[in-house]
Amino acid sequence: MITTWKKLTTAAFVCAALAVAATSTQAQGKRSGSINGREHRQQERIRQGERSGELTRREAGRLEAEQAKVRVDEAYARRSGGELTPEERARLERELNKSSKDIYQQKHDKQTRN
Ligand SMILES: [Ca+2]
């Protein structure tokens with residue numbers, strides 16, 4: 001019971017954070033272009049990998065989860081009004097460097113859907 005409740009609470013928090021992220025993405029427009037632009041492009045790369053079969057469903061699922069984590073961290077960093085401090089920005093850039101590398105690796109390993 002307690003575990004289920006915890007899971008629900010966590011899920012609710014993630015949903016709320018993603019909603020905040022979506023809202024702030026719209027509100028921020030170009031000012032935060034580099035972070036949101038990178039998130040967008042990485043998401044596209046994952047979709048492309050799914051279409052081409054370079055990513056197995058499992059690989060795609062893991063990469064999607066990694067993207068979701070970055071968006072939650074971004075929402076958390078923006079909670080005070082949208083602006084990122086240089087430290088927050090640097091941290092998100094680091095996470096995006098890692099996820100970008102992970103996408104590359106998964107698209108170029110021997111596991112494919114076909
Ligand atoms: Ca692969």
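Owing to the predicted nature of the structure, the values given are computational and were not obtained by experimental measurement. Position labels on residues start from 1 in each chain and follow its written sequence. Whole-chain, interface and lining totals are the exception, using all residues; otherwise, since this is a predicted model, local features are given only for residues with pLDDT of at least 70 and side-chain atom pairs are given and counted only at 80 or more.

S.K.: Mind showing me how you'd approach the overall build of the protein chain here?
M.R.: What the protein chain contains, in helices and strands, is four helices and zero strands. To qualify as a helix, a DSSP run of H or I must reach at least 4 residues; to qualify as a strand, a run of E must reach at least 2; elements of each kind are numbered from the N terminus. In sequence order, the secondary structure elements of the protein chain are arranged as α-α-α-α. Whether a residue is buried, exposed or partly exposed follows from its count of other C-beta atoms within 10 Å of its own C-beta, namely 20 or more, 12 or fewer, or something in between, respectively; the C-beta atoms are built from the backbone. For the protein chain, buried positions account for 19% of its 114 residues. Any two residues are considered in contact once their C-beta atoms, placed from the backbone, lie within 7 Å. Counting contacts in the protein chain only where the partners sit at least 6 residues apart, residues at least 24 apart contribute 77% of the total.

S.K.: Any chance you could explain the packing of helix 3 (residues 57-77) against helix 4 (residues 86-107) here in plain terms?
M.R.: When two helices pack together, their arrangement is captured by the angle between the axes and the distance separating the axes. Where helix 3 contacts helix 4, the two axes come as close as 10 Å, and the packing angle between them is 175 degrees. Compared by their axis directions, helix 3 and helix 4 come out roughly antiparallel. Each of E59, L63, E66, Q67, V70, D73, E74 and A77 in helix 3 lies in contact with helix 4, whose residues at this interface are E88, L92, E95, L96, S99, D102, I103 and Q106. For this classification, the nonpolar set comprises Ala, Val, Leu, Ile, Met, Phe, Trp, Tyr, Cys and Pro, the charged set comprises Asp, Glu, Lys and Arg, and every other residue, Gly included, is treated as polar. Residues of the contact of helix 3 with helix 4, tallied by class, amount to six nonpolar, three polar and seven charged. Angular values range over 0 to 180 degrees, each being the angle between N-to-C directions of two axes fitted as lines to C-alpha atoms, with helices fitted over their stretch in contact. Here the word oblique covers every angle except those under 35 degrees (roughly parallel), over 145 (roughly antiparallel) and from 65 to 115 (roughly perpendicular).

S.K.: Teacher, can you tell me more about helix 4 here?
M.R.: It helps to recall that an α-helix has 3.6 residues per turn; residues three or four apart then point in one direction. To estimate the expected span of a helix, subtract one from its residue number and multiply by 1.5 Å. Across its 22 residues, helix 4 extends 31 Å between first and last C-alpha, which sits within 8% of the 32 Å expected from 1.5 Å per residue. The complete set of buried residues in helix 4 reads L92, L96, S99, I103 and Q106. Viewed along the axis of helix 4, the buried residues span an arc of 85 degrees, placing them on a single side of the element. Across from the buried face of helix 4, at angles greater than 90 degrees, the exposed residues are P86, E87, A90, R94, N97, K98, K101, Y104 and Q105. The arc in question is formed by the directions pointing from the helix axis toward the C-beta atoms.

S.K.: In this structure, what is going on with the environment of E87? I would like to understand it.
M.R.: Tracing the sequence through the fold places E87 in helix 4. Residues E87 and A77, spaced ten residues apart in sequence, show a C-alpha to C-alpha distance of 9.9 Å.

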